[in-house]
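Commentary on secondary and tertiary structure
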Amino acid sequence: MGLLLLVLSACSQEDTAPEGTLSPEKMALILADIHIAESRVTRLQLKSTDSSIIVFDKLKTDIWKKHKVDTTVYNSSYTYYVSHPQQMKQIYQEVNKNLEKREKINNIKL
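Residues numbered from 1 in each chain as written. Predicted model: local features only at pLDDT ≥ 70, side-chain atom pairs only at ≥ 80, totals over all residues. Heavy atoms only, no water.

Bringing the environment of Leu 31 into the picture now. Following the sequence through the fold, Leu 31 ends up in helix α2 (residues 24-44). Placed 65 residues apart in sequence, Leu 31 and Asn 96 show a C-alpha to C-alpha distance of 9.8 Å. (Helix = DSSP H or I, 4+ residues; strand = E, 2+ residues; numbered from the N terminus.)

Below is the structure:
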């Protein structure tokens, strides 16, 4: 009986994100922006990987500013969600909806 309670309490604790973790909604918006940035860099067809990295890093800095988040918070939130696949799946469903909406509004193909 004690083992069952331990397992149940561990499961309920796992479902609660640590303090400071970005909400799933905010994470979905940031990830959508990151995927758009990746697409922009790919379309530039830069000859050097180093140049692509520099451009992508600049775009990510703009994303952090836009969402008022720093890399530490983003990285720890991303790590949390990656270790919780069901939540990450739901986040990516929102990312896909967000990207589809942006494609329709802006009449673009990502």
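Compared with an ideal rise of 1.5 Å per residue, which puts 22 residues at 32 Å, helix α5 (residues 85-106) spans 31 Å between its outermost C-alpha atoms and is within 8% of the ideal. Listed as buried for α5 are Met 88, Ile 91, Val 95, Asn 98, Leu 99, Arg 102 and Glu 103. For α5, the buried positions fall inside an angular range of 135° around the axis, keeping them on one side. Of the residues in α5, the exposed ones pointing more than 90 degrees away from the buried face are Gln 86, Lys 97, Lys 101 and Lys 104. (Expected span 1.5 Å × (residues − 1). Buried < 20%, exposed > 50% of the residue type's maximum accessible area, 1.4 Å probe, protein only. Arc of directions from axis to C-beta.)

With a phi close to 50°, Gln 45 is a non-glycine residue in the positive phi region. Among the residues examined, Gln 45 registers a relative accessible area of 68% and is labelled exposed. The backbone of Lys 68 shows a phi angle near 55°, a positive value even though the residue is not glycine. Secondary-structure assignment places Lys 68 in the loop between α3 (49-67) and α4 (71-82). On the accessibility criterion, Lys 68 (75% relative accessible area) is exposed.

What follows concerns the packing of aromatic side chains. Summed over all chains, the structure comprises 3 aromatic pairs. Considering the side-chain rings of Tyr 80 and Tyr 81, the 5.1 Å spacing of their centres and the 70° angle between planes classify their relative orientation as edge-to-face. Looking at Tyr 80, the relative accessible area reads 7%, which means it is buried. A relative accessible area of 2% means that Tyr 81 is categorised as buried. Among the aromatic side chains, those forming a connected cluster through ring pairs are Trp 64, Tyr 74 and Tyr 78. (Phe/Tyr/Trp six-rings, centres within 6.5 Å; stacked < 30°, edge-to-face > 60°.)

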